[in-house]
Amino acid sequence: MGPARVEQALEELLSQRALIREVGDSSSGLYLPFFYQAQEEVARIISRLASQSAPQPDFSPEEKIAEVEKKTGLRFSPEQKKAIISSLQKKIIIITGGPGTGKTTIVRAMVEIFESWQKRILLAAPTGRAAKRLAETTGREAKTIHRLLEFQPKEGRFKRGPNYPLKGGALIIDEVSMVDLPLMYHLLRAVPPEMRLILVGDKDQLPPVGPGNLLRDLIDSGLVEVIRLEEIFRQAEESLIVVNAHRINRGQPLVYPRRGDPESDFYFFHQEDEAKVFQLILKLCQHNIPRRLGLSPLSTQIQVITPMYRGLAGVDNLNLELQKALNPGSHGLKVGQKEFRVRDKVMQVRNDYDKEVFNGDLGTIVQVDPERFGLLVDFDGRLVSYEKEELADLVLAYAISVHKAQGNEYQAVVMPLLTQHYIMLQRNLFYTALTRARKLSIIIGSYRALHIAIKNDKPIQRNCRLKEKLLEISRGREPNFQLF
């Protein structure tokens, strides 16, 4: 199809309003109508929240913070205190920071103070695992955003919205870097005028899989108050995972443990040969890591994260070989080139609102039914059944990509890093993978690949105009775009 035919097809779609074209001062863009509407509405609501004043507390925030410090034995940094005070005084704030900077501690304090103020506080996160982690750290109920908004699978819509808003004094969204434009659109439409919105996330992680780069656009617009947590707390300073995560963000070389140190939480094994990297991954997952952490080799808390799908150390081959090594057997269900067995680690790769399992959720197969060609999978204590036609929604998860790991945490992470992965050697990708580990992170590969990954800070291009629209609004004028 030549350029003239393409132009003709576009003009026909534009005339039918199946596409929207927006022309700005320096560039133009084509949108599906829903994405255009979502971007416009998100910019409008965020601008309104940022400009509105919130009812002020009838107590001294500083005194409340002192009470929490006395009760918990903690001492908040000036940045943390600022975040807590802003959450009480503003309609919308963003709290961002890397690992070890106290985001979780702040959220716990906010929950206590809002509850003492008789304000109901809602907690939510984009994924099931992130919501569960939020519930564990706060001791309160936390939901996925879809559950919070009461998604109706059969109707394909959210029950919560302008005509049936959420109820409460404040809403905290954790792991907000994973929230894409459509989900934020539906969330904001359900936030009532009296509710404060507190967005918590790490701006240096990968952008969401879906459309937009919401957290970074909101921060870069300067329209919303942003509290940046940069101080690493004493306990976290002892973690090389935390120290190295911050060094990666600054483009600095990594710090390595003392030679032979058996207690370190971070190791780099130098190896240029992909075949030897592959063999070392098998050995670590089969023997060394389970012994070190007292876990089963099949635990979902041990995760291989790799930048690529192809190659010996890619997702596809590692899944087949780790399955053979960790869960041998022949009694399973063959689905194309893969086989599912009892005790296999699996991942859901499509949002299924009926089952309430979402893209990226990890589980363990607990039952195989050859007669009906079905499976029973344990997702963090919740059993979910799969029929034959639904098995395409599952993949083996002994090894996963960095994008699939986003929003999840594991006790141990193993990551190959080779020059063969050149196209994926990016700072935020490496940073995201490293920070998925809580107790142990092991990188295996070449110094050159490591150097490339740390130095390559080229931003991922997202074709959206949310930041520009927010900036136009902040300058007191409507966005300077012409619609056709």
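Residues numbered from 1 in each chain as written. Predicted model: local features only at pLDDT ≥ 70, side-chain atom pairs only at ≥ 80, totals over all residues. Heavy atoms only, no water.

(A) Geometry of the sheet that holds strand β18 (residues 382–386). Within the open sheet, the 5 strands sit side by side as β18-β17-β16-β15-β19. Their pairing is antiparallel. Two strands in the sheet have a free side with no partner beyond their single neighbour: β18 and β19 (394–396). Taking the axes of each pair of neighbouring strands and ignoring which way they run, one obtains an average angle of 40° across the sheet. Where strand β15 (residues 345–348) meets strand β16 (residues 362–369), 3 bridges bridge the pair, whose relative direction is antiparallel. From the neighbouring strand, M347 faces β16, where its bridge partner is L362. (Pairing = 2+ DSSP bridges. Helix = DSSP H or I, 4+ residues; strand = E, 2+ residues; numbered from the N terminus. Axes fitted to C-alpha atoms, helices over the stretch in contact; angles between N-to-C directions.)

(B) Examining the environment of G360 more closely. Along the polypeptide, G360 turns up in the loop between β15 and β16. Sequence separation of G360 and N408 is 48 residues, and the distance between their C-alpha atoms is 8.4 Å. Residues within four places of G360 in sequence aside, it is in contact with M347, Q348, K404 and N408. (Contact = heavy atoms within 4.5 Å.)

(C) Quick look at the confidence of the model for the chain. With 96% of its residues at a pLDDT of at least 70, the chain reaches an overall mean of 91. The low-confidence segment residues 479–484 (pLDDT under 50) makes 21 contacts with residues lying over four places distant or belonging to another chain. (pLDDT = per-residue confidence, 0-100.)

(D) Structural view of the packing of aromatic side chains. Considering all chains together, one arrives at 11 aromatic pairs under this definition. Relative to Y353, the ring of F151 has its centre 4.0 Å away and its plane inclined at 40°; by these criteria the two rings are tilted. Here the residue F151 occupies a position in strand β6 (residues 151–152), and Y353 occupies one in the loop between β15 and β16, the gap between them amounting to 202 residues. Classification of Y353 as partly exposed rests on a relative accessible area of 25%. On the numbers, 6.2 Å between centres and 20° between planes, the contact of Y267 with F269 is stacked. Judged by its relative accessible area of 14%, Y267 is buried. Of the aromatic side chains, those joined through ring pairs into one cluster are F151, F158, Y353 and F358. Its guanidinium or amino end placed over the ring of W117, K119 lies 4.9 Å from that ring's centre, counting from NZ or CZ. The ring of Y386 has K355 lying over it, and the distance from NZ or CZ to the ring centre is 5.1 Å. (Phe/Tyr/Trp six-rings, centres within 6.5 Å; stacked < 30°, edge-to-face > 60°. Buried < 20%, exposed > 50% of the residue type's maximum accessible area, 1.4 Å probe, protein only. Lys NZ or Arg CZ within 6 Å of the ring centre and 35° of its normal.)

(E) Looking closely at helix α16 (residues 447–455). For α16, the full list of buried residues reads A449, L450, I452, A453 and I454. Buried residues along α16 sit against α11 (240–249), β11 (266–270), β21 (410–417) and α15 (427–434).

(F) Just the packing of helix α2 (residues 33–51) against helix α8 (residues 181–189), in detail. Closest axis-to-axis distance for the α2/α8 pair is 9 Å, and the angle between their directions is 50°. Compared by their axis directions, α2 and α8 come out oblique. Judged by the sense of rotation from one axis to the other, the crossing of α2 with α8 is left-handed. From α2, F34, F35, Q37, A38, Q39, E41, V42, I45, I46 and L49 reach across to α8, where they touch L181, P182, M184, Y185, H186, L188 and R189. Residue composition of the contact of α2 with α8, by class: 12 nonpolar, 3 polar and 2 charged. (Parallel < 35°, antiparallel > 145°, perpendicular 65-115°, else oblique. Left-handed = near helix turned anticlockwise from the far one by under 90°. Nonpolar A, V, L, I, M, F, W, Y, C, P; charged D, E, K, R; others polar.)

(G) Layout of the pairing of β21. When you tally the buried positions in β21, you get 8 out of 8 residues, the bulk of the element. Where strand β12 (residues 302–306) and β21 come together, 3 bridges link them in parallel fashion. Residue pairing for β21: I302 is matched across the bridge by A412. Handedness of the β-α-β unit built from β21, α15 and strand β22 (residues 437–445) comes out right-handed. (Right-handed = clockwise from strand over helix to strand, strands pointing away.)

(H) Region of interest: helix α13 (residues 315–326). Counted at 1.5 Å a residue, the expected span for α13 with its 12 residues is 16 Å, and the 16 Å between its end C-alpha atoms agrees. Residues of α13 that are buried make contact with α12 (274–293), β12, β14 (338–341), β19 and β20 (399–401). (Expected span 1.5 Å × (residues − 1).)

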